[in-house]
Amino acid sequence: MDTIELVKQRAELLWLNDEKKNISKTEKQELGAEETADAAERLKRFAPVISYYFPETQKNGGIIESPLTEIPKLKDRLNEKYTADIKGRLFIKEDSNLQVAGSVKARGGIYEVLKHTEDLAIENGILQSTSDDYLKLTTSEARKYFGSCKIQVGSTGNLGMSIGIMSAALGYEAIIHMSADAKEWKKTLLRSKGAKVVEYNGDYGEAVKKGRALSAADSTSYFVDDENSKDLFLGYAVAGERLQIQLKEAGITVDDEHPLFVYIPCGVGGAPGGITFGLRQIFGDNVHCFFVEPTEAPCMLLGLATGKENRISVQDVGLSGKTHADGLACGSPSGLSCRMMRPHLSGIFTITDKWLYEYLRDLYESEGIFIEPSSCAAIRGVTAIGKGKYIGNIVNAEKMPNATHIIWATGGSFVPKEMREEFLKLKI
Ligand SMILES: *Cc1c(COP(=O)(O)O)cnc(C)c1O
């Protein structure tokens, strides 16, 4: 049966991207290594500012980064419980613990606010150049100026938290347009940080559309466009060089004989796309990146498999777009991410919601690590990779005992205690 037919039937599947190219054969794209390096440099320039507003980042010099942790007990549990037959070592990249925003959005979202701030500050003489003292951005004159500017975004929750928290800290008026999927506690937290939250009855697409229109009509306002933003994408891409350092520190080799497998939950595609792009620039053909999407909202899969990119939605094929994975509840994918991923992405898994809670318990009970339901989608990748056609056809099975697998945990540390307890018990 063809892929789209299976998607319509809400089947759990692994779609392989037959347009993926060897890195040496990848044509020049709209973003490249130079832009990623520029983003990494910008984050370094802002480190004193981040350190100043968020003291929890001081121990890492104002650089927001998450741990890479080996999780052998989860590996054993997945092998026993699901006969997953995982070979090699299993790690979790804990973006669930990223400071400031508690999710992967601390990469792209915060980067974009900083980029915009730098542009404004240089335009208005608050900074003379990019080699000026960035702590000038924290003076009361600078804050007064930022207070006359708005930053707006449409979000299912976590992007809003990263943009809202960072914008409010710098002094901006932050306006977050939240879809119906957004959790109440995220709205409450944002309001407590000084952001304005506007609620919509419709889905994420509607919140984005309204936010975009309101921002466009206001000359003091800047809109963070999750579906098209190159800056968001580049903020995520910096994860590549950060992970390279962590793998080296852990003594992990990635080469032709030691493949690296990475599994990332996917919503609109920006976060997993940026991370994949960053990793491919560094590890080339030795890294194999997979996205995981809910069976009710596999928008990247549809965009790539049909070639329609952002011109298709999950509703077009009769799916609801509704899922417990609130961070992944997106109807149409990012066109930018579709274009960028065509030569780089290995494939996409889909998963039904009930497994999110099973995996949430598996991880918590075996390793004591809590991540949010959306994040748990990543665990499907490592559980099912051995059962698909990728091993054998694309990567020689004999290399698998030397493999490193990384589950990319995209959110969790900000989830309130009552919600954690509810998730840990939930069966659907
Ligand atoms: C946003 C988000 C993702 C996916 O990022 P996209 O850019 O929407 O693809 C995954 N997990 C969590 C928890 C998120 O908040």
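Residues numbered from 1 in each chain as written. Predicted model: local features only at pLDDT ≥ 70, side-chain atom pairs only at ≥ 80, totals over all residues. Heavy atoms only, no water.

**A few points about the sheet that holds strand β2 (residues 68-70)**
- Pairing is mixed across the open sheet formed by seven strands, whose spatial order is β1-β10-β9-β8-β11-β3-β2. Each end of this open sheet is capped by a strand with a single partner; those strands are β1 (14-16) and β2. Taken over all neighbouring pairs, the strand axes of this sheet differ in orientation by 25 degrees on average, direction set aside.
- Of the pairings in the sheet, the one linking β2 to strand β3 (residues 89-94) comprises three bridges and is antiparallel in character. Paired with E70 across the strands is F91, a residue of β3. (Pairing = 2+ DSSP bridges. Helix = DSSP H or I, 4+ residues; strand = E, 2+ residues; numbered from the N terminus. Axes fitted to C-alpha atoms, helices over the stretch in contact; angles between N-to-C directions.)

**Things to note about the site of the ligand**
- In the region of the ligand, 15 residues are neighbours, and K105, N158, G267, G269 and T410 sit closest.
- Here N158 contributes a side-chain N or O atom positioned 2.7 Å from an oxygen atom of the ligand.
- A271 places a main-chain nitrogen or oxygen 2.8 Å from an oxygen atom of the ligand.
- Contact with the protein chains covers 99% of the free accessible surface of the ligand, which is 380 Å².
- Sort the elements by how many residues they give to the shell around the ligand and helix α12 (residues 270-283) lands first, with three residues.
- Partitioned by chemical class, the residues of the shell around the ligand number six nonpolar, seven polar and two charged. (Near = heavy atom within 4 Å. Polar contact = N/O pair within 3.5 Å; in protein donor to acceptor, adjacent residues only side chain to side chain. Areas by Shrake-Rupley, 256 points an atom, 1.4 Å probe, with all protein chains shown as cover. Nonpolar A, V, L, I, M, F, W, Y, C, P; charged D, E, K, R; others polar.)

**Looking at the state of the cysteines**
- Inspection of every chain in the model, using the stated rule, returns zero disulfides.
- This cysteine, C299, is not joined by any disulfide, and C330 carries the nearest cysteine sulfur, 5.5 Å off.
- Among the residues examined, C299 registers a relative accessible area of 1% and is labelled buried. (Disulfide = S-S within 2.5 Å. Buried < 20%, exposed > 50% of the residue type's maximum accessible area, 1.4 Å probe, protein only.)

**Brief notes about the packing of aromatic side chains**
- Summed over the entire model, instances satisfying the criterion amount to 14 aromatic pairs.
- Centre to centre, the rings of Y357 and F423 are 6.0 Å apart; their planes meet at 45 degrees, and the pair counts as tilted. With a gap of 66 residues between them, Y357 in helix α15 (residues 354-367) and F423 in helix α18 (residues 417-425) connect regions that are remote in the sequence. Side by side, Y357 and F423 carry an identical accessibility label, which is buried.
- Feature note: the residues F261, Y263, F290, F349 and Y390 constitute an aromatic cluster, connected by ring pairs. (Phe/Tyr/Trp six-rings, centres within 6.5 Å; stacked < 30°, edge-to-face > 60°.)

**A short note on the pattern of salt bridges**
- Considering all chains together, one arrives at 36 salt bridges under this definition.
- For the salt bridge of E70 with R89, the shortest nitrogen-to-oxygen distance reads 2.8 Å. Of the two residues, E70 sits in strand β2 while R89 sits in strand β3, which places them 19 residues apart along the sequence.
- Judged by relative accessible area, which is 31%, E70 ranks as partly exposed.
- When its relative accessible area of 36% is taken as the criterion, R89 is described as partly exposed.
- One salt bridge in this structure joins E199 and R191, with 3.0 Å as the shortest N-O distance.
- Residue classification places E199 among the partly exposed residues on the basis of a relative accessible area of 42%.
- Accessibility expressed as a relative area gives 36% for R191, which makes it partly exposed.
- What emerges from the salt-bridge pattern is a single network uniting R77, K81, E358, R361, D362 and E365. (Salt bridge = Lys/Arg side-chain N within 4 Å of Asp/Glu carboxyl O.)

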